[in-house]
Amino acid sequence: DAKTTQPTSMDCAEGRAANLPCNHSTISGNEYVYWYRQIHSQGPQYIIHGLKNNETNEMASLIITEDRKSSTLILPHATLRDTAVYYCIVRASNTNAGKSTFGDGTTLTVKP
Amino acid sequence: DGGITQSPKYLFRKEGQNVTLSCEQNLNHDAMYWYRQDPGQGLRLIYYSQIVNDFQKGDIAEGYSVSREKKESFPLTVTSAQKNPTAFYLCASLRQGGNQPQHFGDGTRLSIL
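Notes on the structure follow. (Residues numbered from 1 in each chain as written. Chains lettered and ligands numbered in written order. Predicted model: local features only at pLDDT ≥ 70, side-chain atom pairs only at ≥ 80, totals over all residues. Heavy atoms only, no water.)

**Regarding the overall build of chain A**
Condition: Numbering of helices and strands starts at the N terminus; helices are DSSP runs of H or I of at least 4 residues and strands are runs of E of at least 2. This radius of gyration counts C-alpha atoms alone. The globule rule is 2.2 Å times how many residues there are, raised to the power 0.38. Burial here depends on accessible area, computed with a 1.4 Å probe over protein chains only, as a share of the maximum for the residue type. Under 20% is buried, over 50% is exposed, and the range in between is partly exposed.
Helix and strand content of chain A: zero helices and nine strands. Helices (α) and strands (β) of chain A occur, in sequence order from the N terminus, as β-β-β-β-β-β-β-β-β. By the compact-globule yardstick of 13 Å for 112 residues, chain A fits well, its C-alpha radius of gyration being 13 Å. Principal axes of the C-alpha set define a box for chain A whose edges measure 40 × 30 × 25 Å. For chain A, with 112 residues in total, the buried portion stands at 46%.

Put into structure tokens, the structure is as follows:
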């Protein structure tokens, strides 16, 4: 599975949009991009995933570039409860998820 | 509600003792996973199982053992051979096939007395 690169940390003002980038330049055509977040001392929570089209759900939007080498997770109106570590991973469908790598992620701090 | 239950939430072990962490899921998922997380770091795969009575080593299996006798259960034993067992342990499951995401439990924090 492709490796991802994320910034170590980001800050965002409460009420503003948080845009979290992820690079996955070696992504294969059948690999999906998944986003999770982890609040301190809890298990990772699934947020959203996509293949090549932009996706939106009640939590966030996922924008994938046309060449699929990078993506951005957008939290449209960040709240203090969105402070967490955000992980971007890539994985092909019908493959063993254990081969996906959860790196160190991006620590997002939402400030009042 | 369907989900993954890890117990206990906190666990203490004396040096030289084996300890078993429980993971149960009622999602009818085929695959289950154990990860270790150290402070400020990402998740590292210990063991995984894609089917009952079968499991494979992950990246850091030394000092750990697992069993998968039932689809819904995947216990992890931290043996005395694991020299640095203090960590946060996470269990996950996945419906095989398709592109569904993994589901995670809330973890067990293991500490050495």
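Structure's up, so let's keep going.
**Brief notes about the overall build of chain B**
The line we're drawing: Any two residues whose heavy atoms approach within 4.5 Å at even a single point are treated as in contact. Counted as positive: Lys and Arg. Counted as negative: Asp and Glu. His and the chain ends are not counted at all. By convention, the charge on Lys lies at NZ, on Arg at CZ, on Asp at CG and on Glu at CD.
Each helix and strand counted, chain B has zero helices and eleven strands in total. Ordered by position from the N terminus, the helices and strands of chain B form the series β-β-β-β-β-β-β-β-β-β-β. Over its C-alpha atoms chain B spans a radius of gyration of 13 Å, differing by no more than 12% from the 13 Å that the globule rule assigns to 113 residues. When its C-alpha atoms are laid out on the principal axes, chain B stretches across 40 × 25 × 25 Å. In chain B, which comprises 113 residues, the share counted as buried stands at 49%. Restricting the contact set of chain B to residue pairs at least 6 apart, pairs at least 24 apart contribute 53%. A gap of 5 Å separates the mean positions of the 12 positive and 11 negative side-chain charges of chain B.

**Section: the layout of surface pockets**
The following threshold applies: Space inside and on the surface of the protein is sampled on a 1 Å grid over the protein atoms alone, with a cavity defined as a set of points where a 1.4 Å probe fits but cannot get out and a pocket as an open set with protein on both sides within 12 Å along at least 5 of 7 lines; lining residues have an atom within 4 Å of a point. Grid points are joined across faces, edges and corners, and a volume is the space filled by probe spheres set on the points.
Roughly 500 Å³ of volume is contained in the largest pocket. Taken together, 24 residues make up the lining of the largest pocket; nearest its centre are Val85 and Tyr87 of chain A together with Gln37, Gly40 and Gln41 of chain B. Among the secondary structure elements, those contributing two or more residues to the lining of the largest pocket are β8 (84-92) and β9 (106-111) of chain A. Ranked by the residues each element gives to the lining of the largest pocket, the list is headed by β8 of chain A, at three residues. Computed from the structure, the second largest pocket encloses a volume of approximately 250 Å³.

**A short note on the environment of Thr8 of chain A**
Residue and element names in this part refer to chain A. With respect to the helices, strands and loops of the structure, Thr8 is situated in the segment before β1 (9-13). Under the relative-accessibility criterion, Thr8 is labelled exposed at 63%. Remark: the alpha-carbon pair of Thr8 and Glu66, spanning 58 residues in sequence, is separated by 25 Å. The residues touching Thr8, leaving out its near neighbours within four places in the chain, are Gly105, Thr106 and Thr107.

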